Amino acid sequence: MQENRSIEKSIIGACNDVKEMQAGRMREKPIDEFLTELKAMIEEEKANASYVDTPFRGRRQVLR
């Protein structure tokens, strides 16, 4: 449930940022700054990922 709230906060925050940019109160980020933030978010997600599905990685298993 905590993850859902985090996603909701991210979406609401992004919408607020877009409103601010459209109103001219916030500058648009250059693409390199955006990509740097995106890479940091991806690395954070990888670090926080749960490996519940670890047994299913690697070789395929045939169910009989």
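The structure this text deals with has already been given above.
Here the structure is a predicted model, which means the values were calculated and not measured. (Residues numbered from 1 in each chain as written. Predicted model: local features only at pLDDT ≥ 70, side-chain atom pairs only at ≥ 80, totals over all residues. Heavy atoms only, no water.)

Per the secondary structure count, the chain includes two helices and zero strands. Each of the 64 residues in the chain was classed as buried or not, and the buried ones make up 0%. Carbon and sulfur atoms make up 56% of the accessible area of the chain, which amounts to about 6600 Å² in all. (Helix = DSSP H or I, 4+ residues; strand = E, 2+ residues; numbered from the N terminus. Buried < 20%, exposed > 50% of the residue type's maximum accessible area, 1.4 Å probe, protein only. Areas by Shrake-Rupley, 256 points an atom, 1.4 Å probe, with all protein chains shown as cover.)

This part takes up the layout of surface pockets. By volume, the largest pocket amounts to about 700 Å³. In terms of lining residues, the largest pocket is bounded by 18 residues, among which Ser 10, Ala 14, Glu 37, Leu 38 and Met 41 are the most central. Of all elements in the fold, only helix 1 (2–22) and helix 2 (31–48) reach the threshold of two or more residues within the lining of the largest pocket. Sorting elements by how many residues they give to the lining of the largest pocket places helix 1 first, with eight residues. The class makeup of the residues in the lining of the largest pocket is eight nonpolar, three polar and seven charged. (1 Å grid on protein atoms, 1.4 Å probe; cavity = no way out; pocket = protein on both sides within 12 Å on 5 of 7 lines; lining within 4 Å. Points joined across faces, edges and corners; volume = space filled by probe spheres on them. Nonpolar A, V, L, I, M, F, W, Y, C, P; charged D, E, K, R; others polar.)

Looking now at a nonpolar patch on the surface. Nonpolar side chains collect at one region of the surface, where Ile 31, Phe 34, Leu 35, Leu 38, Met 41 and Ile 42 lie side by side and expose about 560 Å² of accessible area between them. Relative to the helices and strands, Leu 35 is located in helix 2. Given a relative accessible area of 39%, Leu 35 falls into the partly exposed group. (Patch = residues over 30% accessible without salt bridge, like charges linked within 9 Å, V, L, I, M, F, W, Y side chains within 5 Å. Salt bridge = Lys/Arg side-chain N within 4 Å of Asp/Glu carboxyl O.)

Under the definition given, this model contains three salt bridges. For Arg 25, the salt bridge identified is with Glu 20, shortest N-O distance 2.9 Å. Looking at Arg 25, the relative accessible area reads 61%, which means it is exposed. Note on Glu 20: relative accessible area 29%, which makes it partly exposed. In this structure, Arg 27 engages Glu 33 in a salt bridge whose closest nitrogen and oxygen atoms are separated by 3.1 Å. The exposed category is assigned to Arg 27, whose relative accessible area is 52%.

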